[in-house]
Amino acid sequence: MFIIAFVGLPEFRRPPPIVDQPITVEVVTIDQITNPPRGKPEVSKKKKPEAKKPETRKSPALTPAPKEPEPKPEPKVAALPTPTPKTATKVKPKDDKAADPKRTRAKAKPRPKPRRKRLDFASVLRSVKNLDKKAKTAPRERSADAALKGARTTLANRPLSMSELDAVRRQIARCWNVPVGARDAETMVVDIYVVMNPDRTVREARVADASRMQRDPFFRTMAESALRAVLNPRCSPLELPETKFELWKTFTLGFNPKDMLGG
Amino acid sequence: MIEVSFMRNIALGILSLALVSLAAGPALAELRIDITRGVVEPLPVAITDFEGADDRAKKFARDIARVASDDLERSGLFKPIDRRAFINTTVSLATQPRFADWRLIGAQGLVHGAVRIKADGRLRTEFRLWDVLAEQQMVGKAYEATPQNWRRVAHLIADAIYKRVTGESGYFDTRIVYVAETGPAVRRIKRLAIMDQDGANHRFLTDGASLVLTPRFSPSNQEITYLSYVGDTPRIYLYNIDSGRREIVGDFPGMTFAPRFSPDGNKVIMSLSTGGNSEIYSMDLRTRVVRRLTNHPAIDTSPSFSPDGKQVVFNSDRGGTQQIYLIPTTGGNAKRISFGKGRYATPVWSPRGDLIAFTRIDGGRFFIGVMRPDGSGERLLAEGFLVEGPTWAPNGRVLMFFRQRPSGPRRRQTSSRLFSIDLTGHNEREVATPLDASDPAWSPLIP
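Residues numbered from 1 in each chain as written. Chains lettered and ligands numbered in written order. Predicted model: local features only at pLDDT ≥ 70, side-chain atom pairs only at ≥ 80, totals over all residues. Heavy atoms only, no water.

Caption draft 1: Fine view of the sheet that holds strand 30 (residues 429-431) of chain B. Residue and element names in this part refer to chain B. Sheet architecture is open: four strands sit in the order 27-28-29-30, paired in antiparallel fashion. If you trace the sheet from one side to the other, it starts and ends with strand 27 (386-392) and strand 30, each paired once. In this sheet, neighbouring strand axes are inclined to one another by 35° on average, regardless of whether the strands run parallel or antiparallel. Bridge analysis of strand 27 against strand 28 (residues 398-407) gives five bridges, and the strand direction is antiparallel. What sits directly across from Thr391, in strand 28, is Met400. (Pairing = 2+ DSSP bridges. Helix = DSSP H or I, 4+ residues; strand = E, 2+ residues; numbered from the N terminus. Axes fitted to C-alpha atoms, helices over the stretch in contact; angles between N-to-C directions.)

Caption draft 2: Spatial organisation of the nonpolar core. All names here are of chain B. Counting residues in hydrophobic clusters, the biggest one holds 62 residues, and the most contacted among them are Ile64, Phe127 and Ile157. Residue contributions to this core peak at nine residues, all from helix 4 (residues 150-166). Not counting residues up to four positions away in its chain, the partners in contact with Ile157 are Phe50, Ile64, Ala68, Thr125, Phe127 and Tyr143. (Core = buried A, V, L, I, M, F, W, Y, C linked by side-chain atoms within 4.5 Å. Buried < 20%, exposed > 50% of the residue type's maximum accessible area, 1.4 Å probe, protein only. Contact = heavy atoms within 4.5 Å.)

Caption draft 3: Local environment of the packing of helix 12 (residues 217-231) of chain A against helix 4 of chain B. Where helix 12 of chain A contacts helix 4 of chain B, the axes come no closer than 7 Å and their chain directions differ by 80°. By the angle class used here, helix 12 of chain A and helix 4 of chain B are roughly perpendicular. On the side of helix 12 of chain A, the interface is formed by Phe218(A), Arg220(A), Thr221(A), Glu224(A) and Arg228(A), while helix 4 of chain B contributes Arg164(B), Val165(B) and Thr166(B). Considered class by class, the residues forming the contact of helix 12 of chain A with helix 4 of chain B number two nonpolar, two polar and four charged. (Parallel < 35°, antiparallel > 145°, perpendicular 65-115°, else oblique. Nonpolar A, V, L, I, M, F, W, Y, C, P; charged D, E, K, R; others polar.)

Caption draft 4: Quick peek at the pattern of salt bridges. For the coordinates displayed, the defined rule picks out 42 salt bridges over all chains. A salt bridge links Glu224(A) to Arg164(B), with the shortest nitrogen-to-oxygen separation between them at 2.8 Å. Note that Glu224(A) is positioned in helix 12 and Arg164(B) in helix 4, a pairing that runs across two chains. Pair check on accessibility: Glu224(A) and Arg164(B) agree, each one buried. Residues Asp34(B) and Arg32(B) are paired through a salt bridge, measuring 3.2 Å at the closest nitrogen-oxygen approach. The exposure class assigned to Arg32(B) is partly exposed, which follows from its relative accessible area of 36%. Connected via shared salt-bridge partners are Glu181(B), Arg188(B), Lys190(B), Arg417(B), Glu430(B) and Asp436(B). (Salt bridge = Lys/Arg side-chain N within 4 Å of Asp/Glu carboxyl O.)

Okay, structure coming up:
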């Protein structure tokens, strides 16, 4: 007790020697920082629809003349990596106004192609499959987003984030046909143990409490509806991040309709 | 003071080590995702045409499949897929179907069967229900019956499928008895009628010479109890459907109303009105011994037994307005369970035991609702100008009631039709009857 008090209380008598940085250890199993899945263009579409157009107009300046705008886009290029994906679109409108006359040169045709790139910095990785079309811009893109890409890989090492789990939850909830009229449905919880394939399809799904299936017909009904939700081709493959296969190789799904049955 | 800083460092090290181990712990734990919402949709099921060896068997096969499919569709829990969408129609009972073909059209269940006419003329019907997603058989049964009973075979098949999927017994092999009404509002002719729950095999039981009201089915026998006016006196009758025998239940001084059977079918509970006071009596049909349950100057009527036979729910205005009360079968204190605005009437205890259905009248509108036996969880399922008389299907999942609406050229007449609704409040459907209908009563599963 005294040792804890001695150790825990700050020393007032003399300033402590500054030897090391204070260790801040944040214990989060699931990311509190949302880590939205890559390549969801509609997400950023909703966020900043009006800012999108000035963005896309900027990039044609990069595509046709990689040499010429080198001094000019530098301020813009610098602007790109520094903000986080969310605030990037906010910073852009300021630059757009300055470089407006150049924007008018950009026609509608080149716009759709770069639009796919510009919508979400994460979609840079996705656009790799259109590499032949964007061969010219690829190096430019990478230099522009190099810092951000670096940030992307570190983000991938985190555990599954809330948004990723929510995506799976929403997806399975769409396929789960709840037997709402069943007796005592609101108190029933069914655990399904799932083994996944790397391509995000379900390899095996089984009910955790299999013996109860024989004894309790209502449990069997709920369990079978849960199994059908998991095996439904409409919900396959699951929206899980492919790079984190080790994290979701096996998991347990707990089905409980309490949010639907107000009772 | 080097040792102070040394100790501080040690403490910091221990603390950080503890925290790091804590941080490592959850990462090793099993990932668990909780799903607490879903959708409520009918189960898509593919019901193929059953096989038949010859033309006559094929006709039975088609009809049986169609009646079973209609039953399942009407329950609101199944959605038979249109036959035109089937990719692979060659299914046989002997081999496993190609589940991938059925998954493609979105089926989650597959029903196939075969009908054979045996040498003695009886019909032998077999069917199987497969789980398309889990690729397993769920249920397979065979039935033998006379050709006239082919409809019952179809209903039994639908019951078996329903029971396997929902875990509760089905309600398709049942009958509805109700009061068929014809004539103008001032001279209504009311006749007892009985039909299958899907409207087939309809016939009249009485001729309409005397007024009949509130028919009720016995839960164990093929008997109906109902109220009929002989002259000006209402009397309770017992009618055996199979034999056609009719008898008067006891001879009471006064008027008797609202008869209902006990769950074992041996007692009839009713309200008896003498000298302006209405009380609840139960009579044992075997011994004809009458017992009085309530003793109160207020009007006590519409009694209904609980499925375990221990309690009776009834309607009383002892509290000032018509409300619902519970009383033990052996008599005792009545407990009020309805507390909403308006008046409550016709309480009926569900055969499943978990709900009581009732009629509620509030602000000139009528509602059919359910509540738990302790009075909580009240939900209103249907509303109308006049809706009344809920009756439960034998599995306690579906309610039937009647609705009166103004009709006719100047809305002077009323038309009265039967409706069924699921206890979740979904799937309200009109029940097809040849004439106007009221006071439905649902039979138990036909043995």
